[in-house]
Amino acid sequence: MINTGNGNPVIRNCSQCLVHVPDLVRYGSKPRREIQKDTSVLAQVAASLRAFEEAERYPPNQTFIGNLTPDALSALPRPWYRPEALEQHGRPTTGPFGEIISQDLFYAVLKCANVLTPALIELAAEGRERIEPLLNNHPVLSPFDGLDFTAAGSFQEEIDNGSALPLYSGDALRGCVRRDNRAEGREDDNLDAHTLLEALCTKASGAIALQWLLHREGLGAEEIDYVITCGEEAAGDRYQRGAGGMAKSIAEMCGCTNASGMDVKNFCAGPASALVTAGALVKAGVYERVAVVAGGSLAKLGMKFQAFVELGIPILDDCLGAMAFLVTADDGVSPIFHLEPGTIGLAKVGSSTSDEAVYRELILKPLQKLGLNMTDVDKYAPELHNPEIMEHAGSGDVVHKNYRMIAAMAVMAKEIGKPDMPAFMDRIGMPGFAPTQGHIPSAVPFIGHALQAMQQGEMRRAMFLCKASLFLNRLTELYDGVSFMLEANAGART
Amino acid sequence: MLKGKKVAVFGERDDVSGPAVRKCVEAAGGEVIYETTSCFV
Amino acid sequence: MIVFGLNEPFNLRIMATTFKDGDPSFAGALGGIALGLKSYHIFELKDEIPADVWESEMAFKELQTEDELIEKICATMREIRGD
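What you are looking at is a predicted structure, and each value in this text was computed from that prediction instead of being measured.

Thresholds applied
- Residues numbered from 1 in each chain as written.
- Chains lettered and ligands numbered in written order.
- Predicted model: local features only at pLDDT ≥ 70, side-chain atom pairs only at ≥ 80, totals over all residues.
- Helix = DSSP H or I, 4+ residues; strand = E, 2+ residues; numbered from the N terminus.
- Rg over C-alpha atoms; globule rule 2.2 N^0.38 Å.
- Buried ≥ 20, exposed ≤ 12 C-beta atoms within 10 Å, placed from the backbone.
- Contact = placed C-beta atoms within 7 Å.
- Nonpolar A, V, L, I, M, F, W, Y, C, P; charged D, E, K, R; others polar.
- Pairing = 2+ DSSP bridges.
- Axes fitted to C-alpha atoms, helices over the stretch in contact; angles between N-to-C directions.
- Parallel < 35°, antiparallel > 145°, perpendicular 65-115°, else oblique.
- Left-handed = near helix turned anticlockwise from the far one by under 90°.
- Core = buried A, V, L, I, M, F, W, Y, C linked by C-beta atoms within 7 Å.
- Domains from an automatic or database assignment.
- Expected span 1.5 Å × (residues − 1).

Focus on the overall build of chain A
Phase 1: Each helix and strand in chain A was counted, giving 19 helices and 14 strands.
Phase 2: The C-alpha radius of gyration computed for chain A amounts to 22 Å, which stays within 12% of the reference 23 Å derived for 494 residues, consistent with globular compactness.
Phase 3: C-alpha atoms of chain A, sized along the principal axes, occupy 70 × 50 × 45 Å.
Phase 4: Counting only residues that meet the buried cut, chain A has 56% of its 494 residues in that class.

So, the overall build of chain C
Phase 1: Assigned secondary structure in chain C consists of 4 helices and 2 strands.
Phase 2: Going from N to C terminus, chain C has its helices and strands arranged as β-α-β-α-α-α.
Phase 3: For chain C, the C-alpha atoms occupy an extent of roughly 40 × 25 × 20 Å along the three principal directions.
Phase 4: Within chain C, the proportion of its 83 residues that are buried is 33%.
Phase 5: Contacts in chain C between residues far apart in sequence, at least 24 positions, make up 60% of those at least 6 positions apart.

Brief notes about the interface of chain C and chain B
Phase 1: Between chain C and chain B, the residue contacts involve 18 residues of the former and 21 residues of the latter.
Phase 2: When its residues are assigned to classes, the side of chain C that touches chain B shows 13 nonpolar, 2 polar and 3 charged.
Phase 3: Alignment of strand 1 (residues 6-12) of chain B against strand 1 (residues 2-4) of chain C, held across 3 bridges, turns out to be parallel. By the bridge assignment for strand 1 of chain C, Ala8(B) is matched with Ile2(C).

Things to note about the environment of Glu99(A)
All names here are of chain A.
Phase 1: With respect to the helices and strands, Glu99 occurs in the loop between helix 6 (83-87) and strand 2 (100-101).
Phase 2: Assessed through the 26 C-beta atoms surrounding it within 10 Å, Glu99 is described here as buried.
Phase 3: Considered as a pair, Glu99 and Cys17 are 82 residues apart in the sequence and their alpha carbons are 4.9 Å apart.
Phase 4: The contacts of Glu99, once residues within four sequence positions are left out, are Cys17, Ile65, Thr93, Thr94 and Trp212.

Observations concerning the packing of helix 7 (residues 103-113) of chain A against helix 8 (residues 128-136) of chain A
Residue and element names in this part refer to chain A.
Phase 1: At their nearest, the axes of helix 7 and helix 8 sit 9 Å apart, and the two run at 75° to each other. Compared by their axis directions, helix 7 and helix 8 come out roughly perpendicular. Residue-level inspection shows Asp104, Leu105, Tyr107 and Ala108 of helix 7 in contact with helix 8, the latter providing Arg130, Ile131, Leu134 and Leu135.
Phase 2: Grouping the amino acids of the contact of helix 7 with helix 8 by side-chain chemistry returns 6 nonpolar, no polar and 2 charged.

Concerning the packing of helix 16 (residues 398-412) of chain A against helix 17 (residues 421-428) of chain A
All names here are of chain A.
Phase 1: Taken N-terminus to C-terminus, the directions of helix 16 and helix 17 make an angle of 120°; their axes are 9 Å apart at the nearest point. Taken together, helix 16 and helix 17 sit at an angle that is classed as oblique. In this structure, the crossing between helix 16 and helix 17 has a hand that is right-handed. From helix 16, Tyr403, Ala407, Ala410 and Val411 reach across to helix 17, where they touch Met421, Phe424 and Met425.
Phase 2: For the contact of helix 16 with helix 17, the residue count by class is 7 nonpolar, no polar and no charged.

Remarks on the nonpolar core
The nonpolar side chains of a soluble globular protein tend to be buried with one another.
Phase 1: Of all hydrophobic cores here, the largest spans 166 residues; its most connected members are Val109(A) and Val292(A).
Phase 2: Looking at this core, the element that brings in the most residues is helix 10 (residues 193-217) of chain A, giving 14 residues.
Phase 3: Two domains each provide a minimum of three residues to this core, namely domain 1 (16-221 + 228-275 + 291-326) and domain 2 (336-493) of chain A.
Phase 4: Not counting the four nearest positions on each side in its chain, Val109(A) is found in contact with Leu141(A), Phe144(A), Ala204(A), Ala207(A) and Ile208(A).
Phase 5: Among the nonpolar cores identified, the runner-up in size contains 24 residues, and Cys24(B), Phe4(C), Ala16(C) and Tyr40(C) belong to it.

A few points about the environment of Ile336(A)
All names here are of chain A.
Phase 1: Within the fold, Ile336 resides in strand 10 (residues 336-337).
Phase 2: Along the primary structure Ile336 and Asn8 are separated by 328 residues, whereas in three dimensions their C-alpha atoms are 6.4 Å apart.
Phase 3: With residues near it in sequence (within four places) discarded, Ile336 still touches Gly5, Asn8, Val10, Asp330, Leu486, Glu487 and Asn489.

Considering the sheet that holds strand 5 (residues 172-178) of chain A
Residue and element names in this part refer to chain A.
Phase 1: Pairing is antiparallel in the open sheet, where 3 strands are placed in the order 3-5-4. The outermost strands of the open sheet, each flanked by one partner alone, are strand 3 (121-123) and strand 4 (164-169). Along the sheet, successive strands turn relative to each other by an average axial angle of 25°, direction set aside.
Phase 2: Strand contacts of helix 7: strand 3, strand 4 and strand 5, with the helix running at about 130° to strand 3, the strand carrying the most contacts.
Phase 3: Of the strands in this sheet, strand 3, strand 4 and strand 5 touch helix 10, which is tilted by about 100° from strand 5.

Quick look at the domain arrangement of chain A
Residue and element names in this part refer to chain A.
Phase 1: Domain annotation for chain A reports domain 1 (16-221 + 228-275 + 291-326) and domain 2 (336-493).
Phase 2: Measuring from the centre of the C-alpha atoms in domain 1 to the corresponding centre in domain 2 gives 27 Å.
Phase 3: At the interface, 45 residues of domain 1 touch 36 residues of domain 2.
Phase 4: Taken together, the residues of the side of domain 1 that touches domain 2 sort by class into 27 nonpolar, 12 polar and 6 charged.

Regarding the sheet that holds strand 1 of chain C
Phase 1: In spatial order, the strands read 2(B)-1(B)-1(C)-2(C); together these 4 strands make up an open sheet with parallel pairing. The sheet is open, and its two borders are formed by strand 2 (31-38) of chain B together with strand 2 (39-41) of chain C, each paired with just one other strand. Each neighbouring strand pair of the sheet contributes to a mean axis angle of 20°, computed without reference to strand direction.
Phase 2: Contacts between helix 1 (residues 9-21) of chain C and the sheet are confined to strand 1 of chain B together with strand 1 and strand 2 of chain C, with strand 2 of chain C contributing the most and set at about 150° to the helix.

A short note on unusual backbone geometry
All names here are of chain A.
Phase 1: The omega angle of the peptide bond from Arg78 to Pro79 is 0°, so this bond is cis rather than trans.
Phase 2: Pro118 follows Thr117 through a cis peptide bond whose omega is -5°.
Phase 3: One non-glycine residue, Phe267, lies in the positive phi region at around 45°.
Phase 4: Looking at where Phe267 falls in the secondary structure, it is placed in the loop between strand 7 (260-263) and helix 12 (270-283).
Phase 5: The backbone of Arg474 shows a phi angle near 65°, a positive value even though the residue is not glycine.
Phase 6: A residue is classified by how many C-beta atoms lie within 10 Å of it, and Arg474, with 7 of them, is exposed.

Examining the environment of Ser169(A)
Residues and elements named next belong to chain A.
Phase 1: If you trace the backbone, Ser169 turns up in strand 4.
Phase 2: A tally of 19 C-beta atoms within 10 Å means that Ser169 is categorised as partly exposed.
Phase 3: Between the alpha carbons of Ser169 and Gln103 there is a distance of 7.3 Å; along the sequence they are 66 residues apart.
Phase 4: If near-sequence neighbours (up to four positions away) are discounted, Ser169 is found in contact with Asp23, Gln103, Asp104 and Arg174.

Topic: helix 14 (residues 355-369) of chain A
The α-helix winds at 3.6 residues per turn, so residues separated by three or four positions along the chain end up facing the same way.
Phase 1: Taking 1.5 Å of rise per residue, 15 residues should cover 21 Å, and helix 14 of chain A covers 21 Å from first to last C-alpha, within 8% of that figure.
Phase 2: Residues Asp355(A), Glu356(A), Val358(A), Tyr359(A), Leu362(A), Ile363(A), Pro366(A) and Leu367(A) constitute the buried set of helix 14 of chain A.
Phase 3: Contact partners of the buried residues in helix 14 of chain A: strand 11 (345-346), helix 16, strand 13 (461-468) and strand 14 (480-487) of chain A together with helix 3 (59-64) of chain C.
Phase 4: One or two steps after helix 14 of chain A, the chain reaches Gly371(A), where phi turns positive at roughly 70°.

Here's what the structure looks like:
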């Protein structure tokens, strides 16, 4: 077998899942703040939620799990949420990359994610008949344990006095999430029910993604050496808010008994930074099989809900994202993850806030190192936010703006003329198809599609461009960027 | 036109950022007294 | 005065109107309060900015923004100022 990998690792497999949680939208940051100001907003939110079948058949969601290619999505007329658009294909819950998980199944996994006594999550016995079989009969997730139920009456008082938050499916009370009521937890705002629900949602959705990755790869959990997470949650108590531990908690939940792990934080560029770290660990021979896991963001649910309510459109930002990637040494088949010196694009501190300087470092420098032109790359994956979510809220099509930026860089590099920008964008671009989940849309939802196309010999190179609004931490004015290149393996090409 | 003016700057990460607008305004003699950069994602 | 870097005409209209005449929805801190502030978009101020600073901070932005969008932004701002 020809090996042109230069000792580089490969991204061997992925899982890309969505978790449809309409009744958690009220706990997203924006809806929660608006409901606190005016309780009638809760009824508006409730009236605008989608049924599971609608979320399941929604073409961008089908693209996320791999049943549609981004090219096929771009050929579908918008709006994609129209009933006619939903009718255009079946409603498979599973796709080549993963699954769209229903809310009741997610509540079961959320319960399994609890390790505390007294439990942080309680599920009502009244919902047992519905929920229990969903987990126990699930082909991928049934190994999760810890599912049990209790009478709703036993926690109703905690919901009434505000120390626990109710978990609903429509009108039915499915359970609750508690604050840490133990002596050391009682005074800590970082351990209230809402903050813990954020962390538990990331853990549970991340565990779903890792479990799916193991399933797709046919790999035993104990064969994973290391897990790196890259979410935007901040788990920890008052002395170490945001200190991490997410990766190891997910590894534990999935039975990765031989693995340890750590959390990589880099705002929306977290997945890219985590993949680079994983790749470097594999290339250096420190670990053999590293899983990069991205759980979903509760805070970003319903971020744009007001526009949807106003326009009478269903709330489309109603899903948590969940992804996992397996990085291993070159197997001769999977796409090569370029990690030669200088091939990872980074936004240097010295580039300051200048977009031109940053994009030269992110796009042109790595390509120069690889001896390539911008036009040698088949597809560029920037932040892949679903435009249907962004545009209605007056935020513009972020994907389009990114492609304008990429095309402008090709003009600066004198590879194309200004009039060629639209045609160049058509060739190297794709529509956004990921929910507004921060780090989740950040280029990496294209990995599943790239892996598939490269293994089938339909694509040679894809460049992934991730951006991170570091300035939101109020500690710097800078933003960050990370880029990396995947290339079809010589073994797969021949 | 900007010289000696007190200016509030509203930038956006994927459009023109607050710092980029600020640098322009200051170079033209304006005084930036408020600056923010939105991130819609 | 206000200087914007936002490029969405929809948002620009709401914000510039608010700074001039008060919040059009009569909600929020500026509901019913007309500050009379003039709003500009940075694209309108090119002639005011030293060329070297424009080149390093704005030229790339100008290249990547569609000419029609720049024109629409400038027209929106002019309209709200009443120029």
